[in-house]
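# Chain and residue survey
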Amino acid sequence: ITFNSHPVIFICPESFDLKLLEDYKYLHPNVSFFTFKDKFFKNILSYNTLLLSENFYNKFSDYEFMLIYQNN
């Protein structure tokens, strides 16, 4: 599977240093980053709250489909 024709969006806390992810931009032409409040990344329950929130999906309203890949 290749995602070259699709956007790849990293989800991360607001406090995350995005410079650490900039290296991925050369690997894929459509890489971007969406940040959310730190409180949603404290534990599984808070992360689940983010994934169940309308605000989360509103950020992706321009897309018809999305694949969420969660790396441990």
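The shown structure was predicted, so the numbers you read here are calculated from the model rather than taken from an experiment.

Here is what the cut-offs are and how they apply
Residues numbered from 1 in each chain as written. Predicted model: local features only at pLDDT ≥ 70, side-chain atom pairs only at ≥ 80, totals over all residues. Heavy atoms only, no water. Patch = residues over 30% accessible without salt bridge, like charges linked within 9 Å, V, L, I, M, F, W, Y side chains within 5 Å. Areas by Shrake-Rupley, 256 points an atom, 1.4 Å probe, with all protein chains shown as cover. Salt bridge = Lys/Arg side-chain N within 4 Å of Asp/Glu carboxyl O. Helix = DSSP H or I, 4+ residues; strand = E, 2+ residues; numbered from the N terminus. Buried < 20%, exposed > 50% of the residue type's maximum accessible area, 1.4 Å probe, protein only. Phe/Tyr/Trp six-rings, centres within 6.5 Å; stacked < 30°, edge-to-face > 60°. 1 Å grid on protein atoms, 1.4 Å probe; cavity = no way out; pocket = protein on both sides within 12 Å on 5 of 7 lines; lining within 4 Å. Points joined across faces, edges and corners; volume = space filled by probe spheres on them.

The next subject is a nonpolar patch on the surface. Side chains of Tyr24, Tyr26 and Leu27 sit close together on the surface and give an oily, nonpolar patch of about 380 Å² of accessible area. Relative to the elements of secondary structure, leucine 27 occurs in the loop between strand S1 (8-13) and strand S2 (31-36). Residue leucine 27 is classed as exposed on the basis of its relative accessible area, which comes to 52%.

Overall, the coordinates contain seven aromatic pairs when judged by the stated rule. A ring pair is formed by phenylalanine 60 and tyrosine 63, whose centres lie 6.4 Å apart and whose planes are at 50°; its orientation type is tilted. Since its relative accessible area comes to 9%, phenylalanine 60 is described here as buried. Put simply, the rings of Phe34, Phe36, Phe56, Tyr57, Phe60 and Tyr63 pair up and form one aromatic cluster.

By volume, the largest pocket amounts to about 1200 Å³. What lines the largest pocket is a set of 26 residues, among which Ile9, Phe10, Leu67, Ile68 and Tyr69 lie closest to the centre. Elements with a contribution of two residues or more to the lining of the largest pocket: S1 and helix H1 (44-51). Looking at the lining of the largest pocket, the element that brings in the most residues is S1, giving six residues.

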